[in-house]
Every structure is written in C-alpha cells, then in structure tokens.
Number of protein chains: 2
Amino acid sequence: MSRILLSLLLLLSLAQAEDTLASWNDGKSKNNIISYVTSVTDPKSADFIPVVDRIAVFDNDGTLWSEQPMYFFIYFTMDRITALAPQHPEWKTTEPFKSALNKDIEGISKTGMEGLSKLIMATHADTTAKEFDKIVLEWIKTAKHPTKNVHYTQLVFQPMLELLTYLRANDFKTFIVSGGGIDFMRPWASEVYGIPSSQIVGSKLEVKYDNKQIVRLPKLRFNDDKDNKPVGIHYHIGKHPVAAFGNSDGDFAMMEYTEANKKYKTLQLYVHHTDDKREVAYDRKSHVGKLDKGLDYANEHNWTVVDMKKEWKVVFPFEMKR
Amino acid sequence: MSRILLSLLLLLSLAQAEDTLASWNDGKSKNNIISYVTSVTDPKSADFIPVVDRIAVFDNDGTLWSEQPMYFFIYFTMDRITALAPQHPEWKTTEPFKSALNKDIEGISKTGMEGLSKLIMATHADTTAKEFDKIVLEWIKTAKHPTKNVHYTQLVFQPMLELLTYLRANDFKTFIVSGGGIDFMRPWASEVYGIPSSQIVGSKLEVKYDNKQIVRLPKLRFNDDKDNKPVGIHYHIGKHPVAAFGNSDGDFAMMEYTEANKKYKTLQLYVHHTDDKREVAYDRKSHVGKLDKGLDYANEHNWTVVDMKKEWKVVFPFEMKR
C-alpha cells in the first residue's frame, strides 16, 4: 500500500474514533485510548494483538454506571425487603431488616457485613433462577434512584458506552467483571451495555439443579472483588486481559493483573469521580468506591486516570437531550 | 417476498446445509438437525428464536472427540506422572502413582476416586495458570493415542465439527460443557473447535491470585458433571440453552434441562457409539461414557440418537484423506 493511502487510512480511523468517542473532550485520556487501540490493532505495528487475545475487562459499579450515594444493588435489596415484608412481620423490629424497611443505609451499615449478608440472602435466594430474573427485570424497569429520580439504567456513563462500542468496533471482546451479583446484572446489562450474559462475571450465590430448574441457595459462592477479580477472570474468560477499566481500589488487582500481561502492550484506566455537579466527587475517603492506593499506583505507573469533570462532555445519556 | 423466491431461498439454505454437513449420511439425525435449525432461524416461523437466545451446549469427551479406551485427560495425567517421577522416587512403590507409571489403568481404577484425585492434584496443581497452559499445549502437540497412534486432536469427530460450523453459520453461540478440566481444554480446544475460551465450561481446581499471577491449588472447586452441568451452564452462560449435544448419562441432566426450556423449541442429540470398526461400540455397560438411562429416555422423548456407524460417512478427519 502506498504511504499516502496508509496515511489516509490512519486519518480515517482517527476520524471514526473521534466520532465514536463523541462525549470525550480532547485530552490525555482520549488520546491514550485512541493511541493504544490504534497501535495494537495495526497489523504492521510491533504492538499488534491478534483479535482472539483482545480481551477488555470492565468493572460495573462506578465504572459503567453510578454507585452513589450507595451501590444500586443495595436499593434493589431494600426494595425487595419492603416487598417481602408482609410475609415477615418480625422484620419490623429485627435488625438489619428494620433499617432496610426504613431505607436507613446508616442503620444497615451498623449491622456490618453480617447484616448485609442477611439482607442479600433474604432477597436474592430461595427462588428459581427464572423467578429471580423476572424480579430483577421488573425492578430495573420501574424503580427510581432516590435523589436523581430517574431509572437506574439511565445512570450509565455515556462516555463509557461509547468506549465499549469503540473497543468492540476494533474487535475487542468486552467483559464485565464486577463485585455486584452476576444474576442481578445479567437480566438487564446485556441490553444496556451490549455485552452477552456469558461475558458478565460477578459475585455468585450457590445454586443447585432441582426438578429441571436452577434454584438459588442462601449461601455465597464467590465474592468477585479485589484479589478475586483476577480469579473470576481466570474461571470465566480463561485468558489474560490486555485492557482493564475500573474506578476503585476494589478493581486494583484486576488492573495490576492486566498490567502483568507481558505478552502484549496493555491499557489500564481509572474513572476518577471528580464531578460534584453532574455526579458526585469522591475518592480516597469514600465508603463507596474508595480510590486511594489505586490512585497513587496509577499516577506512578502511567495508568490513564479520567478526570470526569474535565474530560467528559456529558456524564449520563439524558444530558445529551438538553 | 414472492412465494417462488421464498421457495428458492429455502432450497438454497437446504443446499448449504447439505454442503456444511457433508459427512452426515441422509437420514433421521441429519433431517432432525436441519429441520430444527431451519425452523428456529426463520423469522416467519412460530418457532423462531432470536439470535441472542440461540445457545447450544456440547459435551466434549465422547461427543466432540473420542474417549476410548479411557478419557484422554487420564493419558495426560499418566504422562505427567512419568515426567514428574524423577522428583518423586517414592512414587515407584506407592499407589496410585505406581499404576500410573506403569500405564496400568486397571490398577488406577482399583484405587477409586480417591486415587484418581491424588493423581490429578499431583499433576494439575501447584503451577501457575500460564505454566499449566504450556504443559498442556506441549502435550497435546506431541503425545499420541496408545492404540490409534495419532495425536489426540486428530480424534475429534468430523461430523461434529461440521455441526458446530453449521450452527454457528446460523448464529448459534456454541459452548462446551464438559466434565473434563476447564484448564486442560482451553489451551487447545479454542483452535480445534473454533470455540473461544470463555465459551468453554468444565471442572475446576481452586486458584488464587498471588504475586500478579494465577496459581493453581490442589483442591477441586467444581465437578462439572451430571447435575452440575446445568449449574455450570447457569454460572458461565447465564441463559437457558435451546440445543444440547452429549453421549452419556453424564450429559443427561444438561439435556433434560435444555428440554425443560419451555420458551423455545429445543433439540437434544445423543451421539451413540455404535461403530466397532472405525471407533468403539459401547453404551449401557461401558465404564467410560456409559449411556443407559439416557438412551431409554431419549427413545421415549423423541430425542435425536445418532447411529455413528450408519449415519456418519467418516468419523475422524483423517479418514477423509484416504
């Protein structure tokens, strides 16, 4: 191919990226993304990665959608407690159910991991997989965020949707690797993010096959957070990722593991929640999505840190309609 | 569209199926497959299945490749015992290692599941995931079957390769759901079957994330057989399959679960090993891949049972070169 034609093709691919990543302001993060993808997809580049190894992993809470003032699955859990309360009159006076019924997040927090676990088991288990799917779908279609007053799926990050599309257009396979429940995400996340259910990895309850159905049991099987994220990646994907996207210290191991892929050039990107107007500004001291150790490491290791306030033209899709 | 054009298109699609399923003799099984796929992929059919729900699950041992005279991973295990023996002089006189060193399958059998488990832990664990990948790949490239004297990957079933291709050409997503080790299959099965590693489900050892690597531990995490196959499907795929392919009672639950998908028309197919000349004839009384309860159920429930001897023009790809 002639040099001129090659240059034209490069310009064309840059123009396409510009178009796909329309909600990203020009700047370091956008440049890093485009330059990475361009170099690893060019068959003539020393950094070329074969399509089969283009594995990109995304955290969900705080990375693909919001997680403030509290992880959205906690709202689901509280709403389920309310729905199930008529069958459990004792919940009115027993913690952690009492706090959940009063939507008292601080009260739930005081009951610790044990309290939270009780709430999850009472609301996520003892159904068939099919029933639970329906419950989640019904909730996601109807429930609204306590302060934003929009459906939870309206609180996905527009620039990240564009990033998913851009990567897939460049033959990356995109996966979610979340601390959230795998069966809480799968019913809606496939459609919202364009990611098939088999590419969604998350925390799991035990299930059993019983009478031709999958039945959910009240016992945690896998907590897909921190050092368990690389484990979940190994079990579900079976390949070493080349690109990882997160927003908290809970994603650090997944991103560190991706960086340790010495076969290929890799990309690590932290979404840094700096926008106290359009979303919420938080990092080192937050109880939700704490980003402290990871932020220092990212700065020392040349990871991409997205300044949401400066680098995102819009945060949520509904802003685009203004 | 005109009636004539539609008829022409149907003829064309039948001709294409004929071509793709070239190693299948005309007969009941081939008809069942083509008629199923044609009806569920026709947007005007009452049986139409949207692409996103076209999930097909395949057993591996005895369904996609041979499993006689013994599951191939047992040969891998014995060969690994031999390779590791210099570091374990005590194995020469201790069971089950002694039998493994002597390639004495009957001797191993006498040590039961406990003995087999010891052999697997001694050969499949205590490496990083990367090291184990290399070991498996090296073995699969060099080792030869004890009686056929060809590489193990030459003992895949040509008609089943064609079936995988045919289903994918009709927008089915194909998965392996095997009792075999997930990490024993993934290094080679992607290439041999055209199935990405994330679509391969199998038995698992515990692993941990340690020093930026995945380390394999000598403890079984999941035995992906019998009633656990639907469980593995739920965890990895997160959708109810519409088509299931197996060869033994170990696949029965997976096929029964698929049949229980009431939302869509489903297909269940058993590969029945009837060919004592080109392969091995076995079913109800075999120690490997026993097909007894499943065969009765299949006959009563109108499942497709492939008579390998009568319905397959060739069994293995190398026969095509004759």
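Keep in mind it's a predicted model, so treat the numbers as computed, not measured.

(A) Highlighting the interface of chain B and chain A. Counting residues at the interface gives 36 residues for chain B, matched by 36 residues for chain A. Of the roughly 3200 Å² buried between chain B and chain A, counting both surfaces, carbon and sulfur atoms make up 52%. Where chain B touches chain A, the interface holds zero salt bridges. At the junction of chain B with chain A, the criterion picks out 25 residue pairs in polar contact (both at pLDDT 80 or more). If you tally residues by element for the side of chain B that touches chain A, the top one is strand β3 (residues 200–210) of chain B, at six residues. Grouping the amino acids of the side of chain B that touches chain A by side-chain chemistry returns 17 nonpolar, seven polar and twelve charged.

(B) A look at the relation of the copies chain B and chain A. When chain B is fitted onto chain A, the two copies agree to an RMSD of 0.0 Å after a turn of 180° and an axial shift of 0.0 Å. Here the transformation between the copies is reduced to the relation of a two-fold axis. The position closest to the rotation axis in chain B is occupied by the C-alpha of His236 of chain B, lying 3.2 Å away. Of all interface residues in chain B, 100% are interface residues in chain A too; the two copies therefore contact each other through one and the same surface.

(C) Main features of the pairing of strand β7 (residues 304–307) of chain B. All names here are of chain B. Burial of β7 is one-sided: the residues Thr304 and Val306 facing one way are buried, the residues Val305 and Asp307 facing the other way are not. For strand β6 (residues 267–272) and β7, the ladder comprises four bridges, and the chain directions are parallel. In the sheet register, Tyr270 faces β7, and the bridge partner there is Val305. Tracing the backbone out of β6, into helix α12 (residues 293–300) and back to the parallel element β7 gives a crossover that is right-handed.

(D) Up close: the sheet that holds strand β1 (residues 55–58) of chain A. All names here are of chain A. Sheet architecture is open: seven strands sit in the order β4-β3-β2-β1-β5-β6-β7, paired in mixed fashion. At either margin of the open sheet sits one strand with a lone partner, and together these are β4 (213–222) and β7 (304–307). Across the sheet, the axes of successive neighbouring strands diverge by a mean angle of 35°, strand direction being ignored.

(E) Up close: the nonpolar core. Counting residues in hydrophobic clusters, the biggest one holds 69 residues, and the most contacted among them are Met160, Leu163, Tyr193 and Phe245 of chain A. Looking at this core, the element that brings in the most residues is helix α3 (residues 72–84) of chain A, giving eight residues. Not counting residues up to four positions away in its chain, the partners in contact with Leu163 of chain A are Leu21, Trp24, Ile33, Phe58 and Phe245 of chain A. Core analysis: the second largest hydrophobic core is formed by 68 residues, Phe58, Phe76, Leu155 and Val306 of chain B among them.

(F) Seen up close, the packing of aromatic side chains. For the coordinates displayed, the defined rule picks out 49 aromatic pairs over all chains. Here Tyr270 of chain B and Trp303 of chain B contribute two aromatic rings whose centre-to-centre distance is 6.0 Å and whose plane-to-plane angle is 50°, an arrangement assigned as tilted. Of this pair, Tyr270 of chain B sits in strand β6 while Trp303 of chain B sits in the loop between α12 and β7, and the two are 33 residues apart along the sequence. For the pair Tyr270 of chain B and Trp303 of chain B, a shared accessibility class is recorded, and that class is buried. Members of the aromatic cluster, connected to one another through ring pairs, are Trp65, Phe72, Tyr75, Phe76, Phe132, Trp139, Tyr152, Phe184, Trp188 and Tyr193 of chain A. Over the ring of Tyr235 of chain A we find Lys204 of chain B, and its NZ or CZ is 4.6 Å from the ring centre. Over the ring of Phe132 of chain B we find Arg216 of chain B; its NZ or CZ atom is 3.9 Å from the centre of that ring.

(G) Region of the structure containing the packing of α3 of chain A against helix α6 (residues 112–124) of chain A. Residues and elements named next belong to chain A. Running from N to C, α3 and α6 point in directions that differ by 65°, and their axes come no closer than 9 Å. In terms of crossing hand, the pair formed by α3 and α6 is left-handed. Counting all contacts with α3, which are made through Phe73, Ile74, Phe76, Thr77, Arg80, Ile81 and Leu84, the residues of α6 involved are Leu116, Leu119, Ile120, Ala122, Thr123 and His124. Among the residues forming the contact of α3 with α6, the class breakdown is nine nonpolar, three polar and one charged.

Cut-off values and rules
Residues numbered from 1 in each chain as written. Chains lettered and ligands numbered in written order. Predicted model: local features only at pLDDT ≥ 70, side-chain atom pairs only at ≥ 80, totals over all residues. Heavy atoms only, no water. Contact = heavy atoms within 4.5 Å. Buried area = accessible area lost by both parts, 1.4 Å probe. Salt bridge = Lys/Arg side-chain N within 4 Å of Asp/Glu carboxyl O. Polar contact = N/O pair within 3.5 Å; in protein donor to acceptor, adjacent residues only side chain to side chain. Helix = DSSP H or I, 4+ residues; strand = E, 2+ residues; numbered from the N terminus. Nonpolar A, V, L, I, M, F, W, Y, C, P; charged D, E, K, R; others polar. Least-squares fit on C-alpha atoms with pLDDT ≥ 70 in both. Buried < 20%, exposed > 50% of the residue type's maximum accessible area, 1.4 Å probe, protein only. Pairing = 2+ DSSP bridges. Right-handed = clockwise from strand over helix to strand, strands pointing away. Axes fitted to C-alpha atoms, helices over the stretch in contact; angles between N-to-C directions. Core = buried A, V, L, I, M, F, W, Y, C linked by side-chain atoms within 4.5 Å. Phe/Tyr/Trp six-rings, centres within 6.5 Å; stacked < 30°, edge-to-face > 60°. Lys NZ or Arg CZ within 6 Å of the ring centre and 35° of its normal. Left-handed = near helix turned anticlockwise from the far one by under 90°.

So, to be careful, I would describe these as geometric facts and stop short of saying anything about function.
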